[in-house]
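Overview (structure and organization)
One letter stands for each residue in the lines below.
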Amino acid sequence: MNGLSATNGVVHPLLTPPASTQIFDGSALPWTRLAGLLEAARWTASSWNRQPWRFVVGRNGDRTFQEMHGALTPANRTIAGDAGALVLALRQVRGVDGAPLIGTEYELGLAVARLSVQARATGWHTVQLGGFRRRALVAAFEVPAEFEPFVVLAVGRATADPSRTPVPRSRLPLADIVFTGSWGAPSDGEGLS
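Quick look at the structure, then. (Residues numbered from 1 in each chain as written. Predicted model: local features only at pLDDT ≥ 70, side-chain atom pairs only at ≥ 80, totals over all residues. Heavy atoms only, no water.)

Turning our attention to the nonpolar core. If you look at the biggest cluster of nonpolar residues, it comprises 19 residues, and the most contacted ones within it are Met68, Leu86, Leu88, Leu137 and Val152. At the level of secondary structure, the elements contributing two or more residues to this core comprise α2 (63-71), β3 (85-92), α5 (134-141) and β5 (147-156). If you look at the next biggest cluster of nonpolar residues, it comprises 18 residues, including Leu29, Leu34, Leu37 and Leu108. (Core = buried A, V, L, I, M, F, W, Y, C linked by side-chain atoms within 4.5 Å. Buried < 20%, exposed > 50% of the residue type's maximum accessible area, 1.4 Å probe, protein only. Helix = DSSP H or I, 4+ residues; strand = E, 2+ residues; numbered from the N terminus.)

This brings us to the packing of aromatic side chains. Counted by the stated rule, this structure contains 1 aromatic pair. The lysine or arginine in question, Arg134, covers the ring of Phe132, its NZ or CZ lying 4.0 Å from the ring centre. Above the ring of Trp124, the side-chain terminus of Arg157 is found at 3.9 Å from the ring centroid. (Phe/Tyr/Trp six-rings, centres within 6.5 Å; stacked < 30°, edge-to-face > 60°. Lys NZ or Arg CZ within 6 Å of the ring centre and 35° of its normal.)

Right, let's get into the sheet that holds β5. Ordered in space as β2-β3-β5-β4, the 4 strands form an open sheet in which the pairing is antiparallel. Each of the sheet's edge strands pairs with one partner strand only, and the pair in question is β2 (53-59) and β4 (125-129). Between one strand axis and the next, the sheet turns through 25° on average, direction left out of account. The pairing of β2 with β3 spans 7 bridges and is antiparallel. (Pairing = 2+ DSSP bridges. Axes fitted to C-alpha atoms, helices over the stretch in contact; angles between N-to-C directions.)

Geometric descriptors of this kind do not, in isolation, establish any biological role.
Here it is, written out as structure tokens:
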């Protein structure tokens, strides 16, 4: 890795990506653990404290899980089948007055990130799944018009998948994504090589 990396102690280990060869082991996700993840999301900061996120939760085996699992693309159904829970994350797109709300996808993203870090800190793993039939879930869960399904999170215990070859994780170097003065001008920050 160039510049800042998890190996030099700058990035907390909870924020580094897990191995890409992990799958869910089928462990049940106790409600108390799930509630802790949702509590972490609940305390996310938001503009004017509007809290524009909502979550629909299904635990493996219940009707809500089955509805969400059935709405996933075939590849995502394979990934999520042994998850302990599926969590549909929704963002508010309009206020009670009908006016559009700007930036709610950003705020929902912060809430999902907090949920994901809390999961990792407590021994659980999350996978974000964008491939799903939104209209089917809106109908199944009677989602009000001011909310929109954004992502499904599969949550569970991870285990190595011996049938898959590990894929190296990589990211662009900081010098390619952090600029000073103008677009493309490398930052003069230490460690941004």
